[in-house]
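Notes for the structure review
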Amino acid sequence: MAVPPEKATENIKPSRHSARLWPWIVGALLIVFVAALITARYVASHAEPILRARVIETLSARFKTKVELAQLNVSVGHGLDISGQELRIFGPTDPNPTEPGVQPLIGVEAFQFKTGVLGLLRSPMHIDTVRVQGMTLNIPPKEDRSQVGQMSGGTGEKIKIIVDSFVCEDTALIINTHKPGKAPLEFKISNLVMKKIGTGQPLRFEATLTNPKPVGDIHSDGTFGPFREDEPGDTPVAGEYSFTHADLGTLKGIAGILSSDGKYKGTLARIEVEGSTETPDFRIVSTSGHPVDLRTDFHAIVDGMDGDTYLEPVNARFLNTSLAANGKVVRVKDPAGHDIELNVVLDHGRVEDLLELGVKTDPPVLRGDIALKTRMSLLPGPADFAERLKLDGLFHIPAGEFSNPKIQDRIDSLSLRSQGKPKEARRHDEDTVKSGLDGKFRLDQGLLSFSQLHFSVPGTNADVTGQYSLDGNTFDFYGKLKLEAKLSQMTTGWKSVLLKPIDPFFHKDGAGTEIPFRVSGTRSEPHFELDFGGQKHGAGAIAGPTTH
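Residues numbered from 1 in each chain as written. Predicted model: local features only at pLDDT ≥ 70, side-chain atom pairs only at ≥ 80, totals over all residues. Heavy atoms only, no water.

Here we take up the overall build of the protein chain. Across its full length, the protein chain holds nine helices and 26 strands. Per-residue burial over the protein chain gives 43% buried out of 548 residues. If you take every contact in the protein chain between residues at least 6 apart in sequence, the share linking residues at least 24 apart comes to 53%. Working note: accessible area of the protein chain is about 29600 Å², and carbon and sulfur atoms make up 57% of it. (Helix = DSSP H or I, 4+ residues; strand = E, 2+ residues; numbered from the N terminus. Buried < 20%, exposed > 50% of the residue type's maximum accessible area, 1.4 Å probe, protein only. Contact = heavy atoms within 4.5 Å. Areas by Shrake-Rupley, 256 points an atom, 1.4 Å probe, with all protein chains shown as cover.)

Counting across every chain of the model gives four aromatic pairs. Geometrically, the ring pair formed by F450 and F477 is tilted, given 5.7 Å between the ring centres and 45° between the ring planes. A residue pair is termed long-range when its members are at least 10 positions apart, and F450 in strand β21 (residues 447-457) and F477 in strand β23 (residues 475-483) qualify at 27 residues. The same class applies to F450 and to F477, which are both buried. Three or more aromatic residues link up through ring pairs in this structure, and these residues are F395, F441, F450 and F477. Across from the ring centre of F90, 5.1 Å away, lies the NZ or CZ of K66, which sits over that ring. (Phe/Tyr/Trp six-rings, centres within 6.5 Å; stacked < 30°, edge-to-face > 60°. Lys NZ or Arg CZ within 6 Å of the ring centre and 35° of its normal.)

Now for the pairing of strand β8 (residues 215-224). Where strand β7 (residues 203-211) meets β8, nine bridges bridge the pair, whose relative direction is antiparallel. Across the sheet, L203 pairs through a bridge with F224, a residue of β8. Counting the residues that bridge the hairpin from β7 to β8 gives three residues. Of the strand pairs in this sheet, β8 and strand β9 (residues 236-247) are connected by nine bridges, and their pairing is antiparallel. Bridging from a neighbouring strand, D221 pairs with E240 of β9. (Pairing = 2+ DSSP bridges.)

Our next topic: helix α4 (residues 351-358). Within α4, six of the eight residues are buried, which leaves it mostly tucked inside the rest of the structure. Listed in full, the buried residues belonging to α4 are V351, E352, D353, L355, L357 and G358.

Counting residues in hydrophobic clusters, the biggest one holds 102 residues, and the most contacted among them are F111, F282, L366 and F395. Leaving out residues up to four positions away in the same chain, F282 has contacts with L248, I254, A255, H290, P291, V292, L294 and L357. (Core = buried A, V, L, I, M, F, W, Y, C linked by side-chain atoms within 4.5 Å.)

Examined against the element boundaries, L366 turns out to sit in strand β17 (residues 366-367). A sequence separation of 14 residues divides L366 from E352, and the C-alpha atoms of the two residues are 6.0 Å apart. Those residues in contact with L366 that lie beyond four places of it in its chain are V351, E352, L355, I397, G400, E401, F402, S403 and L437.

Our next topic: helix α6 (residues 405-418). If you check α6, its first and last C-alpha atoms are 20 Å apart, about what 14 residues at 1.5 Å a residue would give, namely 20 Å. By the burial criterion, the buried members of α6 are I407, Q408, I411, D412, S413, L414, S415, L416, R417 and S418. The N-cap of α6, judged by a side-chain oxygen 2.8 Å from the amide nitrogen of K406 a few residues on, is N404. Of the residues one or two after α6, G420 is the one with positive phi, at around 80°. (Expected span 1.5 Å × (residues − 1). Polar contact = N/O pair within 3.5 Å; in protein donor to acceptor, adjacent residues only side chain to side chain.)

This brings us to a negative patch on the surface. A grouping of E206, D221, E240 and D261 is seen on the molecular surface, where their side chains present a negatively charged patch. One can find D261 in strand β11 (residues 257-267). (Patch = residues over 30% accessible without salt bridge, like charges linked within 9 Å, V, L, I, M, F, W, Y side chains within 5 Å. Salt bridge = Lys/Arg side-chain N within 4 Å of Asp/Glu carboxyl O. Lys, Arg positive; Asp, Glu negative; His and termini not counted. Charge placed at Lys NZ, Arg CZ, Asp CG, Glu CD.)

What follows deals with the environment of K500. Within the secondary structure, K500 sits in the loop between α8 (493-499) and α9 (503-506). We classify K500 as exposed; its relative accessible area is 53%. Placed 13 residues apart in sequence, K500 and L487 show a C-alpha to C-alpha distance of 7.3 Å.

Within the structure shown, the criterion is met by 17 salt bridges. Across the pair K390 and D444 runs a salt bridge, and its minimum N-O distance is 2.5 Å. Highlighted residues: K390 in strand β19 (residues 389-402) and D444 in strand β20 (residues 435-444), separated in sequence by 54 residues. Put simply, E514 and K480 hold a salt bridge, and the shortest N to O gap is 3.9 Å. Here the residue E514 occupies a position in strand β24 (residues 513-521), and K480 occupies one in strand β23, the gap between them amounting to 34 residues. Here the salt bridges share partners, and the residues they tie into one network are E278, D293 and R295.

Residue position: H290 is located in the loop between β12 (270-284) and β13 (292-302). There is a polar contact of 3.0 Å between the side chain of H290 and the backbone oxygen of E356. For H290, the contacting residues outside a window of four places in its chain are F282, R283, E356, V359, K360, T361 and D362.

For E352, the location among the structural elements is in helix α4. Within the structure, E352 has its side chain in polar contact with the backbone nitrogen of G368 (distance 2.9 Å). Sequence-distant contacts of E352, defined by excluding residues within four places in its chain, comprise P364, L366, R367 and G368.

This part takes up unusual backbone geometry. Here the bond from G225 into P226 is cis, since omega is 5°, no more than 30 degrees from zero. As for its placement among the helices and strands, P226 is situated in the loop between β8 and β9. In this structure, P313 follows E312 across a cis peptide bond, with omega equal to -10°. By the secondary structure assignment, P313 is in strand β14 (residues 309-318). The backbone phi angle of E86 is positive, close to 55°, even though this residue is not glycine. Judged by its relative accessible area of 43%, E86 falls in the partly exposed class. Positive phi, normally seen in glycine, also occurs at H245, with a value near 50°.

Quick look at the structure:
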C-alpha cells in the first residue's frame, strides 16, 4: 500500500547524530581559514628574504661578482607580487671611467614580477615576465672586456631563477672606450622586449630607440646572441629597422623630414646594414634653403662597439642628378659629434641641381651637364652646416649656359668678336654660345675657391682664378683671355684702324690677342674689367667690358 507524500515527509527528520556534525564542519572550515591566513602571513614575511637570497645568488652565480639589492617588496594576492629597487651588478674594474665613482656593469632602478606561492618552493623558480625600469648596461672598454668574460666562466653553481622574457622601459646601453678623443657610445632605448628561445640560442627582441640627432624613433626587431662573453664583438646580431619622421632641423644648418628602413646582419663589431632613405624636403638652410627631394640607397659597415660607420657606398639622387659616395663616419669626443669623410663621384649630373641645393641665388647662375670628383669633409661641432662643410675636388662642365642674360650676352658677343666677327656680335644672330669649364675647387667656410679654372667658348680660352660665395654676395674672378682674333679684328670702322698699331703688343704665345681681365660684383650685378695692372682687387684696373 502506497504511503501518502505528506506522511513520507513527516518520516524524514534530521537525526541527532547528523545534527551533531555541523558544529564540527563549521569549526574545521574556520580552522582552515585561520590556517590560510597564518600561512599567507608566514609567506609574506618569509618570501622576501627567500626571494632576495635567490635573486642575489642567481646573479652572483651568473656573473661571479658583487651584487647589491637595496630593496625587495613582496605582497600576497593572486600569487606573489614582487618588486625591487636599486639592483647593482659590479665588475672587476670600473666600466665607465668618465663618470665619477665606481659604476656597475648593470644597474636597474626598479623591477617587478609575479609568481605562484608554490613557485617559491621550487628550484629553479620559473618566471614568465620581468618588467624593468631604468636599466643601464655599461660595456667596458675593449681592453677590459676579457675580464668581464671571465666573470661568468665555470662557476658550477646552480641558477635559482629562470625568466622567459624581459620588458624594459628607459634602457641605456653605454659602450665605453679608452681611445683618446672618443666619447662613450650611448644608446637610449625607450622600450625593449627580450624573449629567450632556449639555452644557447639567441634572444629575440623588439626595441624602440630614441635617436638624439636627428630626433626620431628607430624601431627594430631581430635576434641577438648567443652572447660571446669572452669576445662581445663576435656576438651575432640580425634584424630589420625603420626610422620615421626624423627631424633634420635638429642638425644645425640643414632641414627636412627623413624616413629610412632597412635590414642588418653580422656581429656586434661588424654589422652590415642595407637600407634606403627618403627626404622629400631636404634643404641646406644656411646657404640656399631650396628644398629638393633627396633619396639614397646605402650599404654600410657599422662597428657596434664604438659607433664608427663605413659607407660602401651611398648612392644619392635629387632632381636630375645622381652621385655615389664612399667613406666613413667617426665619432669624436671634442667637440662631441661625428667626423664625416667621404669620396664623392658624380659622373652624370646637372650643375643647376648642385647650385639649387647649395646656393641661394635663384635661378642658379649656370646650367648644363657636369662631372665631378671631390673629397668631402663635414667636421663636428656647433657651427652651421655650411661653415663645417669642406670640399676639395675637380669638375668638368662641357657645355654650360649662364642664366643671367647680362653674362650670357657678354659671352655670346665675346665668342663672335674673338673669332673676328664683330658685325655678327652686334646683331646677335647666332644661337646661345655654350661655355666649357674645367677646374680645381675648394669649399671652406662657405666660400668656393678656384685655384685652376679653364674657360672656353669658340674663339676664346681663359685661365682663371677666383672665388664665389655660396650666398651669392661674392663673385670675383681674374685671369687672362686668349683670343683667336687680333684686337683690330674684334671691332669695325675707325676703332679697328686705331687698334692695328697696338696688335703686336697683345699678340702672345701664339694667340691673336691675350688680355688680362677681371669679373667681380655679385651674380645679379657682375662687372667686367680689363686688368692691365694685374691687380687682384681692381686698384689701377682699367674699367670697361672686354667686348667693347
